[in-house]
Protein chains: 2
Amino acid sequence: MTAYAQKTTEQNALTVLQAQFDADMKEVNAHIIANMQSDVPLIPQLANYLIASGGKRVRPLLTLSATALFMGDMARAHQLAAAVEFIHTATLLHDDVVDDSDKRRGQESANALFGNEASVLVGDFLFSRAFQLMTADGSLEILKILSDASAIIAEGEVKQLSVQNNLETTLEDYFKVIEGKTAALFAAACEVGPIIAGRNRDEVKAMRDYGHHLGMVFQITDDVLDYDPERSKLGKTIGDDFREGKMTAPIIFALQSANEEEKTFWRRTIGDKEQNANDFQIALEYLQKHNCLEQSFGLIKHHEDAATEALSIIPKSNLKSTLIDFIAFITSRNK
Amino acid sequence: MTAYAQKTTEQNALTVLQAQFDADMKEVNAHIIANMQSDVPLIPQLANYLIASGGKRVRPLLTLSATALFMGDMARAHQLAAAVEFIHTATLLHDDVVDDSDKRRGQESANALFGNEASVLVGDFLFSRAFQLMTADGSLEILKILSDASAIIAEGEVKQLSVQNNLETTLEDYFKVIEGKTAALFAAACEVGPIIAGRNRDEVKAMRDYGHHLGMVFQITDDVLDYDPERSKLGKTIGDDFREGKMTAPIIFALQSANEEEKTFWRRTIGDKEQNANDFQIALEYLQKHNCLEQSFGLIKHHEDAATEALSIIPKSNLKSTLIDFIAFITSRNK
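Model, not experiment: these values are computed from the prediction.

Details of the overall build of chain A
Alright, step 1. Regarding its fold elements, chain A presents 18 helices and two strands.
Alright, step 2. Radius of gyration (C-alpha) of chain A: 20 Å, near the 20 Å computed for a compact globule of 335 residues.
Alright, step 3. The principal-axis extents of the C-alpha atoms in chain A amount to approximately 60 × 50 × 35 Å.
Alright, step 4. The 335 residues of chain A split such that 52% are buried.
Alright, step 5. Here the analysis covers contacts within chain A between residues at least 6 apart in sequence; of these, 74% occur between residues at least 24 apart.

Have a look at this one:
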């Protein structure tokens, strides 16, 4: 945890950002609601189910913050933040179809309730709407950033398919997967801010880098938390990634240090997906034996530092401090 | 059939267009191949499977034709025609997942071979690539046309889900479905041409209308052919739509004229999807009894005439004549 995070133990950085951008977020929501309308009733029904189900709206909040940081036009930020959230929502819908998930944020996932077909097609609709919003905004630079991000997201997701249950997966493969899964859209959501404000290349790059590293922190933390026994004491489910055979940082580290017996175990449980009731417990023991969570925290620390460093060229302000605090919040969330 | 079509019985209009734009289509293919590359091998593998499997490339051919008709910049047309084909291919991939099809153009569909997950995600990738190509082209007007078309496509597909097996489906509902399924992208593919060439609103509208009505002709013809006993004599499969309970023009007409016994039949076979081996034969008899194919041909004729009429403001040229012949070709294809 950084020094900043300790200052905000009582009101965490997310709460600070949400309070600061409360009025702006209402405008973002108005764009979201207006643009999910359609005279095909299933579209607003399904979209509303997702939108109402909450989520923290981290990505639109980043676009708002990054625009406000440079005193950019907030009206444009509202519209583009809605586009960013639509891309994210479309990705979630398609993800749940791919994972065949029946839960999302603790409630029934859209595909379980409305069917895979509707999830695929409403995802396509929201994705199209995102591009309509960006086109209405009119910046080709922003269209390029978000269409590039969309391609990287899809590539990362396809790569995730290819590496699932594949014990040969390297850390490099994993980084590519999570860049697509999370960091690319975080980076784009932040980069949009200084572009709206017409700032210079260095400032644009600073915000992009901040978003990228923040996204990496977000995803690696997520992947570590799924093996954190402390969370299960709080009544949260852990072990989903293990059961699906996802090749995330803790498992990749475990394989790097595995002896023959352990390799056989990982081959059976992850490679061949043959798992017994007791296997997750054994997995946790192997992870502990080789300090795999600590090694993963090392990756997180690297990206935390890089995210902070990215902001070094940005002048001091309360908002900048909150964005730095936000890095530590991401790591400590859900704990 | 129009008078023009009779002139071209030996070399059909598609062949004429393909020959005329052979060199251009090679450029389009070069864009397609360059843009389906990725260092995630599954993406070019799956994309290549689809691209190599052929299809007539009707949509990019329309963009090329509509650009050449106004002497627009063909280099831009090549790139945008590739974007149009990517949107179409993404739609096909997602369609097959939705329909759970295992055949496409007579060969195994991509989802049967690569899995639904890969089809969803590679579809997303191609869709993103389409927007990257349009962004590189740099026309916000064209971005608007194609992002609007993409939203209409998704809306139409969701609507198709809602009306499937629903005997209350009206012709209006059906028109909305097929506009999304086919006509919206035909219209956009054509509209791009005069915009590249910087032509006036009337000419842009003429090409958009031509594309729209051509797309309607294309889809209604497709829907009629699926009930055409002549085709099954040629060894082609018919009756797929009946078995899936799709509410297409012939069935909607049959329901309009149905007596109580027939209504009971349609409720069981289409509404409840309870079908016996002999039912398709009975369906064909009911369609014949009420002249449902003829009534559907009436719809086709309306759109054929409207497509021809749309081109009336365009000066006479060989290419214009071929585009008019192409309307009749669409109706007569596969027969």
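What follows continues from the structure just given.
Examining the packing of helix 17 (residues 292–310) of chain A against helix 18 (residues 318–332) of chain A
Residues and elements named next belong to chain A.
Alright, step 1. Direction vectors running N to C along helix 17 and helix 18 enclose 165°, while the axes themselves pass 9 Å from each other. Classified by the interaxial angle, the pair formed by helix 17 and helix 18 is roughly antiparallel. Here the hand of the crossing between helix 17 and helix 18 comes out right-handed. Of helix 18, the residues touching helix 17 (which contributes I300, E304, A307 and T308) are I324, I327 and T331.
Alright, step 2. Residues that form the contact of helix 17 with helix 18 fall into these classes: four nonpolar, two polar and one charged.

Focus: the interface of chain A and chain B
Alright, step 1. Counting residues at the interface gives 35 residues for chain A, matched by 35 residues for chain B.
Alright, step 2. Where the side of chain A that touches chain B is concerned, the elements lending two or more residues are helix 4 (42–52), helix 6 (74–99), helix 8 (116–137) and helix 9 (140–163) of chain A.
Alright, step 3. Its residues assigned to classes, the side of chain A that touches chain B comprises 18 nonpolar, nine polar and eight charged.

Some words on unusual backbone geometry
All names here are of chain B.
Alright, step 1. Located in the positive-phi region is N165, a residue other than glycine, with phi close to 60°.
Alright, step 2. Located in the positive-phi region is K273, a residue other than glycine, with phi close to 55°.
Alright, step 3. Examined against the element boundaries, K273 turns out to sit in the loop between helix 15 (260–271) and helix 16 (279–289).

A short note on the nonpolar core
Alright, step 1. Grouped together as the largest cluster of nonpolar side chains are 216 residues, with contacts concentrated most on A83 and V122 of chain A together with A83 and V122 of chain B.
Alright, step 2. A domain-level breakdown of this core finds at least three residues from each of domain 1 (10–138) and domain 2 (148–328) of chain B.
Alright, step 3. Residues in contact with A83 of chain B, not counting those within four places in the same chain, are A130, L133, M134 and L146 of chain B.

Examining the relation of the copies chain A and chain B
Alright, step 1. Note on the copies: chain A fits chain B at an RMSD of 0.0 Å, the axial shift is 0.0 Å, and the rotation between them is 180°. Such values leave the two copies arranged in the relation of a two-fold axis.

Considering helix 11 (residues 201–225) of chain B
An α-helical turn contains 3.6 residues, so any two residues separated by three or four positions project in the same direction.
Alright, step 1. With 25 residues, helix 11 of chain B should reach 36 Å at 1.5 Å per residue; the first-to-last C-alpha distance of 36 Å fits that figure.
Alright, step 2. With 19 of 25 residues buried, helix 11 of chain B lies mostly within the body of the structure.

Quick look at the packing of helix 11 of chain B against helix 18 (residues 318–332) of chain B
All names here are of chain B.
Alright, step 1. Between helix 11 and helix 18, the shortest axis-to-axis distance is 8 Å and the interhelical angle comes to 15°. By the angle between their directions, the pair helix 11 and helix 18 is classed as roughly parallel. Note that helix 11 runs across helix 18; the crossing there is right-handed. Across the interface between the two elements, L214, V217, F218 and T221 from helix 11 touch I327, I330 and T331 from helix 18.
Alright, step 2. Classifying every residue of the contact of helix 11 with helix 18 by side-chain character gives five nonpolar, two polar and no charged.

Re the confidence of the model for chain A
Low pLDDT marks regions whose predicted coordinates should not be analysed in detail.
Residue and element names in this part refer to chain A.
Alright, step 1. Taken over all residues, the pLDDT of chain A has a mean of 91, while the share at 70 or more is 92%.
Alright, step 2. With pLDDT under 50 throughout, residues 1–10 is counted as low confidence; its partners more than four residues away or in other chains account for 17 contacts.
Alright, step 3. Quick note on the complex model: pTM equals 0.92, ipTM equals 0.92.

Parameters at a glance
- Residues numbered from 1 in each chain as written.
- Chains lettered and ligands numbered in written order.
- Predicted model: local features only at pLDDT ≥ 70, side-chain atom pairs only at ≥ 80, totals over all residues.
- Helix = DSSP H or I, 4+ residues; strand = E, 2+ residues; numbered from the N terminus.
- Rg over C-alpha atoms; globule rule 2.2 N^0.38 Å.
- Buried ≥ 20, exposed ≤ 12 C-beta atoms within 10 Å, placed from the backbone.
- Contact = placed C-beta atoms within 7 Å.
- Axes fitted to C-alpha atoms, helices over the stretch in contact; angles between N-to-C directions.
- Parallel < 35°, antiparallel > 145°, perpendicular 65-115°, else oblique.
- Left-handed = near helix turned anticlockwise from the far one by under 90°.
- Nonpolar A, V, L, I, M, F, W, Y, C, P; charged D, E, K, R; others polar.
- Core = buried A, V, L, I, M, F, W, Y, C linked by C-beta atoms within 7 Å.
- Domains from an automatic or database assignment.
- Least-squares fit on C-alpha atoms with pLDDT ≥ 70 in both.
- Expected span 1.5 Å × (residues − 1).
- pLDDT = per-residue confidence, 0-100.

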